[in-house]
Amino acid sequence: MRDLGFIGRSALGATVAALIAVAGAVGPSNASTFRTTSDYLAQKVRWSSCGSPGTNLFCGSVTVPLDWSKPAGATINLAVDFRQATATKPLGSVIFNPGGPGASGYDYLQSSSDTLGTAALRANYNFVGFDPRGVQHSTPAVHCFVPGIGEKSSAMDKFLYGNSGYAWGSAKDVAASRAELKKFATACKSNTGVALKYLDTVSTARDLDVLRAVMGDEKLNYLGYSYGTFIGETYASLFPSKVGRMVLDGIVDPTVKPGVDSLNQLKGFDLALNDYLADCLKSNSCPFTGSVSAALRKIQVFLRGLETKSIPTTDGTRKLTVGMATAGIDMALYSKSYWAYLTAGFKQAFNGDGTTLMRLADFYNDRATDGSYNSNQMEAFIATSCLDSRESSSPAAMKSQNARILKASPVMGRYWQFGGLACAYWPYPAVKQLRSYSAKGSPTIIVVGTTGDPATPYQQAVHVAKSVLANGALITYNGEGHTAYGQGHACVDSAVDSFFVSGTVPAKDPNCR
């Protein structure tokens, strides 16, 4: 299956144990009848203690309308949890989203409540996580090929990793991809129901205002990573006067067209791959020799070979396909800390063992070693992405886009082609996006950009901070990886903490290193 896009990987790390621990923790929401938006904002949540002993975590359920244009109609429930601030007089709450679309903020807080953000932020604010509509513990959740959380699905395995058996990009290969995507879309509609129509980001941003209200805050304090920045941008543009202290790290640029967004992301991953190879070649243990160009050619030959002949792994009958390999490579490029795994993966694969690259791909797709899926992140990712925007699926448009893709990245671009197919069979149309994302009237919004970010390229942060937002301030981190705050970069952490705790906006970009 072709690359369909990329989930913000700041959400990685929720363990199966954490999922089991919180599965039954969500209590019922306010049982009163909801008729107006004010009713949702005024609801009282029944919080219950949850998580491991001593974590100071509380869980609950928040009710929002399925269709925000009909607040008196059907409702859905969002899973929410929060970690109490440790300060005697906390400053309020910070709601965060770790990425996606499709990532579970609820699970992320459960597994990372003592490490999320920084000590200063955790001390001064209640940290609030939530599952956006359609995600994981919120109900109803998206289900397509995977029957439920923690269950196996051979259909999902085939959808994510299968080879068509035909030459890559040939008419028969594309026809096979169309058939798989059509089956997937049909399964999503059948197994999720009408809620599938309302899982867009504009609706999620309106949900966010309900979360702000139930947490007792007049203004929204918000930390968004990756796709979570798009939620923040949307909220700020809908409710500029309700924005408090907002930090967006790993910026999605809401003003670019879908095809341009995909192209920018590919360029980001291509840059990260080149940076990885340059670093690898400095080591005697690197499986490549010579120049970066020579290393890229070796990867190209390797991937072309996988298109027609997969290689074995140590996991029973599973074999490394080209879909697994490209997903595994992309996964390892999200953080410099993963580069050692990529080196090991290439070294193994060049010797006929695809296990490590397969494990990286499984990590990306939240597939456990027993074949079960720990979350519905990929299904929810596609559901929301197809409602927010989509590339043209016309043959002429895809031909032009393919040419741009191949020019941008001769090696990895081959596997990003035909992006217009991803949503071609989606059962519901894309929603109308906002006319402007300037958030005019809001206070200053902090934008954090990393120069070597593969998934949300740095130039997007520059453009959003300086040309999209009416009041944006840029914090640059000169380094590798996707997102920067809360990852031990002292300069970034200090600037963001000063903003959250004291409201201090940097006088100029600190240009962190």
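These numbers come from a predicted model, not from an experiment. (Residues numbered from 1 in each chain as written. Predicted model: local features only at pLDDT ≥ 70, side-chain atom pairs only at ≥ 80, totals over all residues. Heavy atoms only, no water.)

## Observations concerning the confidence of the model for the protein
Within the protein, residue pLDDT values average 92, and 94% of them lie at 70 or more. Ignoring residues within four places in sequence, the model shows residues 1–32, a span with pLDDT below 50, making 101 contacts including any to other chains. (pLDDT = per-residue confidence, 0-100. Contact = heavy atoms within 4.5 Å.)

## Structural notes on the pattern of salt bridges
Enumeration over the complete set of coordinates arrives at 12 salt bridges. The partner of Lys242 in a salt bridge is Asp209, and the shortest N-O contact between them spans 2.9 Å. Within this pair, whereas Lys242 is found in the loop between helix H8 (227–238) and strand S8 (243–249), its partner Asp209 is found in helix H7 (residues 201–214), the two being separated by 33 residues in sequence. Take Asp209: its relative accessible area is 4%, and that puts it in the buried class. Taking the shortest distance from any N to any O, the salt bridge between Arg318 and Asp362 comes out at 2.8 Å. Taken together, the residues span a long stretch of sequence, with Arg318 in the loop between strand S9 (311–312) and strand S10 (319–320) and Asp362 in helix H13 (residues 355–364) at a distance of 44 residues. With respect to class, Arg318 is no different from Asp362; both count as buried. If you follow the salt bridges from partner to partner, you end up with Asp157, Asp315, Arg318, Arg359, Asp362 and Arg367 in one network. (Salt bridge = Lys/Arg side-chain N within 4 Å of Asp/Glu carboxyl O. Helix = DSSP H or I, 4+ residues; strand = E, 2+ residues; numbered from the N terminus. Buried < 20%, exposed > 50% of the residue type's maximum accessible area, 1.4 Å probe, protein only.)

## Looking at the sheet that holds strand S13 (residues 472–480)
The nine strands lie next to each other as S1-S2-S3-S5-S4-S7-S8-S12-S13, forming an open sheet whose pairing is mixed. Of all the strands in the sheet, just strand S1 (48–50) and S13 have a single pairing partner and so form its edges. Pairs of neighbouring strands in the sheet enclose a mean axial angle of 25 degrees, with direction left out of account. Summarising the sheet, strand S12 (residues 445–452) and S13 pair through seven bridges and their orientation is parallel. Bridge pairing in S13 links Val447 to Leu474. (Pairing = 2+ DSSP bridges. Axes fitted to C-alpha atoms, helices over the stretch in contact; angles between N-to-C directions.)

## So, the state of the cysteines
One pass over the structure, following the stated rule, counts five disulfides. Shown here is the disulfide that connects Cys386 with Cys423, its sulfur atoms set 2.0 Å apart. One quick way to see it: the torsion about the S-S bond of Cys386 and Cys423 is about -85 degrees, and its sign makes the bridge left-handed. In this pair, Cys386 is assigned in helix H14 (residues 377–388) and Cys423 in the loop between helix H15 (395–408) and S12, connecting sequence segments 37 residues apart. With respect to class, Cys386 is no different from Cys423; both count as buried. (Disulfide = S-S within 2.5 Å.)

## Remarks on the nonpolar core
The nonpolar side chains of a soluble globular protein tend to be buried with one another. Ranked by size, the top nonpolar core spans 75 residues in total, and within it Tyr276, Leu303 and Trp426 carry the most contacts. With eight residues, the top contributor of residues to this core is helix H9 (residues 258–280). In contact with Leu303, not counting residues within four places along its chain, are Val322, Ala325, Thr326, Ile329, Val411, Met412 and Tyr415. By size, the runner-up hydrophobic cluster in this structure holds 47 residues, among which are Met215, Leu220, Val468 and Leu474. (Core = buried A, V, L, I, M, F, W, Y, C linked by side-chain atoms within 4.5 Å.)

## Overview of the pairing of strand S3 (residues 75–83)
Taken across its nine residues, S3 has seven buried, putting it largely inside the fold. In the sheet, strand S2 (residues 57–65) pairs with S3 via nine bridges, with the strands oriented antiparallel. Looking at the pairing, Ser61 lines up with Ala79 of S3. Across four bridges, the pairing between S3 and strand S5 (residues 125–130) is antiparallel.

## A short note on the environment of Ala79
By the secondary structure assignment, Ala79 is in strand S3. Residue classification places Ala79 among the buried positions, given a relative accessible area of 1%. C-alpha separation for the pair Ala79 and Glu379, spaced 300 residues apart in sequence, amounts to 18 Å.

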